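Report on the structure
Chain by chain, the residues:
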Amino acid sequence: MPWIQLRLHSSSEHADAISDLLMDEGSVSITFEDGKDQPIFEPKLGETPLWNDTVVVALFDADFDLAPVVDMLKSLPFLGSELKYKIEQIEDKDWVREWMDSYHPIQFGKRLWICPSWREVPDPEAVNVILDPGLAFGTGTHPTTALCLEWLDSLDLAGKDIIDFGCGSGILAVAALKLGAAKATGIDIDYQAIDASRDNAQRNQVEDRLALYLPEDQPAGLKAEVLVANILAGPLRELAPLIQALVQPGGKLALSGLLKEQAAEISECYAQWFDMDQPAHKDDWSRLTGVRKSL
Ligand SMILES: C[S@@+](CC[C@H](N)C(=O)[O-])C[C@H]1O[C@@H](n2cnc3c(N)ncnc32)[C@H](O)[C@@H]1O
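Residues numbered from 1 in each chain as written. Predicted model: local features only at pLDDT ≥ 70, side-chain atom pairs only at ≥ 80, totals over all residues. Heavy atoms only, no water.

With UniProt as reference, the protein is termed Ribosomal protein L11 methyltransferase, source organism Shewanella amazonensis. UniProt lists a comment for the protein under the heading Catalytic activity, and it reads "L-lysyl-[protein] + 3 S-adenosyl-L-methionine = N(6),N(6),N(6)-trimethyl-L-lysyl-[protein] + 3 S-adenosyl-L-homocysteine + 3 H(+)". The record held by UniProt for the protein lists under Sequence similarities the comment "Belongs to the methyltransferase superfamily. PrmA family." (UniProt positions renumbered as here; feature names shortened; annotations may be inferred.)

**Observations regarding the nonpolar core**
By size, the foremost hydrophobic cluster in this structure holds 34 residues, and its most contacted members are L112, L149, L152, L157 and I162. If you list the elements that add at least two residues to this core, you get strand 6 (112–115), strand 7 (127–130), helix 4 (143–154), helix 5 (171–178), helix 6 (191–203), strand 10 (210–213) and strand 11 (224–230). Here this core takes seven residues from helix 5, the largest share from any one element. With residues up to four places along the chain from it excluded, the contact list for L152 reads R111, L157, I162, L172, A176 and L179. I163, A229, L253 and L255 belong to the second largest nonpolar core, which has 24 residues in total. (Core = buried A, V, L, I, M, F, W, Y, C linked by side-chain atoms within 4.5 Å. Buried < 20%, exposed > 50% of the residue type's maximum accessible area, 1.4 Å probe, protein only. Helix = DSSP H or I, 4+ residues; strand = E, 2+ residues; numbered from the N terminus. Contact = heavy atoms within 4.5 Å.)

**Looking at the sheet that holds strand 5 (residues 106–108)**
On the basis of which strands lie adjacent, the open sheet formed by three strands has the order 5-6-7 and mixed pairing. Two strands lie at the open edges of the sheet, namely strand 5 and strand 7, each paired on one side alone. The average undirected angle you get between the axes of adjacent strands in this sheet is 25°. Across the sheet, helix 4 touches strand 5 and strand 6, and the angle it forms with strand 5 is around 55°. (Pairing = 2+ DSSP bridges. Axes fitted to C-alpha atoms, helices over the stretch in contact; angles between N-to-C directions.)

The following block contains the structure:
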């Protein structure tokens, strides 16, 4: 069945109220979009922050008369006759099929592939991680994850233990295990990430070598030979004393999730414990690596 879609510009303050009114009027679905390019990094758990310029997108059945709805919106004091809106016909599509079609196997470095379960594995001899997009962050399509996967592929992980700090979907821990790591520990503040990591480890038959913890449950004295953390510059800075203590002397560190302009500051911060390398870049993002000094 085709649909009609009403798009209108609003603010973070009024978007929820408009959404409720449009649902009352008969909209079958509402989504919010960024009206300008204002990325929202790392919302706190339980928070759903909106953009200053939020576009409310409401979907209606194709035969729905939108004129009274637009009149109602124009009568709202916070929208008024200046209301910026657009009405579009939406052709009917198999949206699930469309979404699935947009995911393909991706190669990272020389040996590693991340493959959605519904695709054929391009190279059965490669190190293949089967992973479907889900609620937790980490499919490999984001440059910050890609930088970590390329780094893991470049290491000799055979027999090593690794910590994936901020494990999200578990993609890095599972990839490390499939690349030969003996055991991995995933840590995340989000229950959904712990569940997703467990599911992805099971799908890849490495669950017996993956331990998962919320930070408060993490064992005392935990240390590993390799640590990877893809969690944005703010937490990397704040958690530096904690993160450095998780790496054994001579152990390897990779930090990702920082923008190019943040790399020098974060590198300097970790240089008190690690011999830091030059950053690697992908798009606007940087990855820092280093080796733990024997302090
Ligand atoms: C950008 S995602 C990275 C996911 C995955 N490791 C990847 O590389 O795609 C960051 C993850 O770090 C988690 N996180 C954020 N702050 C954290 C903290 N203080 N301690 C542990 N995990 C944290 C988030 O819940 C999220 O799952």
